[in-house]
Each structure stands twice: as C-alpha cells, then as structure tokens.
Amino acid sequence: LQGIFVLGLPYALLHSGYSGLLLIVLAAALCCYTGKILIACLYEENEDGQLIRVRDTYEDIANACCKKLSPNLGGIVVNVTQVVELIMTCILYLVVSGNLLSHSFPYVPVTEKTWSVIAFVTLLPCIFIRTLKIVSRLSQLCSLVHFVIILVVITYCLTQMHQWSWAKFRLSLEFEDFLVSVGVIIFSYTSQIFLPTLEGNMKNPGEFRCMLNWTHFFACILKTTFALTAFLTWGEKTKEVITDNLPSFLETLVNLCLLTKALLSYPLPFFAATEIVYSCISKSSYSNYRSPLLALAVRGSFLLLTLLMAMFTPHFALLMGLSGSVTGAAMTFLLPSLFHLKLKWKKLSFLEKCADISVFILGFLCSLAGIVCSIKGLLEVFG
C-alpha cells in the first residue's frame, strides 16, 4: 500500500487544498472497500451455505463475469489493464530515478534523461529474474528504506513547525489541477491487482478483512501526516517530488536513499507484468513458451519500453496522475464494483447495491475527468 508515489502527495495538496486531506481519507476507505468486494468475488456458497474459494485470480473473476459474451474476454481486458498499470509503474520509477540523480549531483553536466539511462543500465539484470523469491527479498529492503525516508522528512518538517501556517491551504481551487491531484492520490493506494494472490497465500484467509482494515488505516495516517507536514513546511513552494525542497545537506542523502528504493522497487512490477504476458503466451498452442530466448526477448522488450517512455514523458506528477486516472481507477474502483454487482447481485442488500453503484459512478467520473486533465497538462508541457 506504500510506495515511492507518496512523494507526490504534498504536491497534490498544493492543488487540492483542504479537500486533498479529505480525499486521502476517502480514497483509503474506498480502496479498502473495493479490496474486500474483490476478494468476495473469489468465493461462492456451496449447498451447505459455506463459502468456497472457486477462483484464484483477478483474471478468473473477469472471465466469470463475461463468460456469456466470451469465455476469455474479461480476462483479456483485466490482463491488458494490469500490464499497462505495471509498466506505467516501472516507467515512473525510471522517471523518479533520473530526477533524483540530477538533483543529487547538480554539478555534473548531465541531463535528467541521461541520468534515467544510467539508472536503466543498473536494472538490466532484471532480465535474468525468474522467481519471486529474489523479488520478495528486494521488496523487504524497499520497505525498510521507505520508512527511514519518511521518518527523516517528517522529522525535518517538525523542526520547521514555527513556520507552519494553515493560511497556506488554498480556499479557491483550479478544477483541472484538482482532478490531477485526485489521480495522484488514487495511484498512491492502488494494490488491488496483488490482493487475490495475497489472500490466497495467507495462513488464515479469514483474517484478510481485518488485515485490510488495519493496513489501510495506518497507510492513511502515514500519508496524511507526511503530506500535511511537508505542505505546511513549504506551502506554495512545494515541488512535484518533495525531496527537491529539502536543504542541500539532507537532499543528497535522502535522494540517494530514494534512488536505492526506486531501483529495488522496479523488479516487482516488472516481474509481475512479464509473468502475466508469459501466462497468456503459455495458453497459445503455437508458441514455444519454454524457450529461454523468448523469455529474454520479452523481458528485454519490456525494459526498453519503460526506458523509451521515461525519456519522452519525464514529468512525475502528471504521469502519475494519468496512470491513476486510467488504470488505477479501473482496477481499484470500476472493475471490483462492476464484478461484485454481476456475481453477487441476488445476494446483495439494497444498501450494498447502492454502495457498489456509487463507487462505480464515482470512479468513472474521476477517471474520465482525470484522463482529460492529465493529457491536457502533458500536451501543455510538450507544447
């Protein structure tokens, strides 16, 4: 639930004001709810009224909902959406890496794009990752580094409390900037694509709902505290990546830690995306799925794609807002509520149906508006 994208939250508050604080809390509550209904779609009642897990993945849920139209249509839509979201995440890690390196070594005559290429070179060994075991170890290191970074930034901000002023919050908002902020906040919470696998590997799946409640609660507290303290410290001077606001004696140290976290985080979405592609290829009878050369070619292509996208779209907040609006909103709000209504309609109460419909409508409106505004912002940057 936590990630390097939390660095964009203070910038989101800059463009959303007091409503941004409410959005952080509301997004946590909605994401927790959609996580629960998504997992509920994995289960069906048997003749004795007991819940039995009859599906294993997000793809299985989608196929069950669309089986009357086409047996594999839903799975294809979900897989494409998942791959896009995962690839966009990888791209953002490269964009952030280039930004961090350029600000850590401003005296080196190298552009931010060149720094992204240098970071990309260090990620080439990802081509040879074949198991989740290595990825999980890297993710553990990421979590440790992440909390150290957040602690350092919050501690520094607390030393500047004498400069804090609630007057820094905007009362009048630019609607388009506000919608981009919505996408940023949504993307900082997206985790639904991993939940079916996570729940299936728990020792006691019955504790999943409790786990989801507590993790979203603590994530909300941490994100709100971080975003609020950082914004109160820098106000209108808040930058897209908050570490750019730190004084030089801290900026380089924190940026190098963030760089380490970004590079260690990259293998997880990269591995997940390639595994989805491999799973799809393995279902086609005409493909030699086990070919080592094919595996290297696919991973190499994915690596190159992320580099090219990072080179042409080096704008952290706008790219994150676009990702959150397109894939994040779909996987987090639209599809879980739609699938839950489809599979559980006869067993849902009136209030549960209203809740699902409301989440779907809200997700659709946010996604549509966020897409338009984020693309407009990117066009203006390149214009």
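Residues numbered from 1 in each chain as written. Predicted model: local features only at pLDDT ≥ 70, side-chain atom pairs only at ≥ 80, totals over all residues. Heavy atoms only, no water.

For the protein, an unreviewed UniProt entry supplies the name Vesicular inhibitory amino acid transporter and the organism Daphoenositta chrysoptera. Recorded in UniProt for the protein, the comment headed Sequence similarities (unreviewed entry) runs: "Belongs to the amino acid/polyamine transporter 2 family." (UniProt positions renumbered as here; feature names shortened; annotations may be inferred.)

Colleague: Help me understand a positive patch on the surface, please; the structure alone is not making it clear to me.
Modeller: Taken together, the side chains of Lys67, Lys68, Lys342 and Lys346 present a region of like positive charge at the surface. Summarising the element assignment, Lys68 is placed in the loop between helix H3 (58–65) and helix H4 (73–104). Accessibility expressed as a relative area gives 75% for Lys68, which makes it exposed. (Patch = residues over 30% accessible without salt bridge, like charges linked within 9 Å, V, L, I, M, F, W, Y side chains within 5 Å. Areas by Shrake-Rupley, 256 points an atom, 1.4 Å probe, with all protein chains shown as cover. Salt bridge = Lys/Arg side-chain N within 4 Å of Asp/Glu carboxyl O. Lys, Arg positive; Asp, Glu negative; His and termini not counted. Charge placed at Lys NZ, Arg CZ, Asp CG, Glu CD. Helix = DSSP H or I, 4+ residues; strand = E, 2+ residues; numbered from the N terminus. Buried < 20%, exposed > 50% of the residue type's maximum accessible area, 1.4 Å probe, protein only.)

Colleague: What exactly am I supposed to notice about the layout of surface pockets here?
Modeller: In this approach the atoms are scanned with a rolling probe the size of a water molecule, which exposes any empty space left behind. Its volume calculated, the second largest pocket comes out at about 500 Å³. Considering the residues around the second largest pocket, the lining is formed by 18 residues, among which Lys36, Ala40, Leu51, Arg209 and His340 are closest to the centre. Only helix H2 (18–40), strand S1 (43–45), helix H9 (208–234) and helix H13 (316–344) provide two or more residues apiece to the lining of the second largest pocket. For the lining of the second largest pocket, the element with the most residues is H2, which contributes 5 residues. By residue class, the composition of the lining of the second largest pocket is 9 nonpolar, 2 polar and 7 charged. (1 Å grid on protein atoms, 1.4 Å probe; cavity = no way out; pocket = protein on both sides within 12 Å on 5 of 7 lines; lining within 4 Å. Points joined across faces, edges and corners; volume = space filled by probe spheres on them. Nonpolar A, V, L, I, M, F, W, Y, C, P; charged D, E, K, R; others polar.)

Colleague: Sorry if this is basic, but what is going on with the side chain of Ser265 here?
Modeller: Secondary-structure assignment places Ser265 in helix H10 (residues 248–265). On the basis of relative accessibility, which here comes to 8%, the residue Ser265 falls in the buried class. In this structure Ser265 touches Tyr93 and Cys142, once residues within four positions along its chain are discounted. (Contact = heavy atoms within 4.5 Å.)

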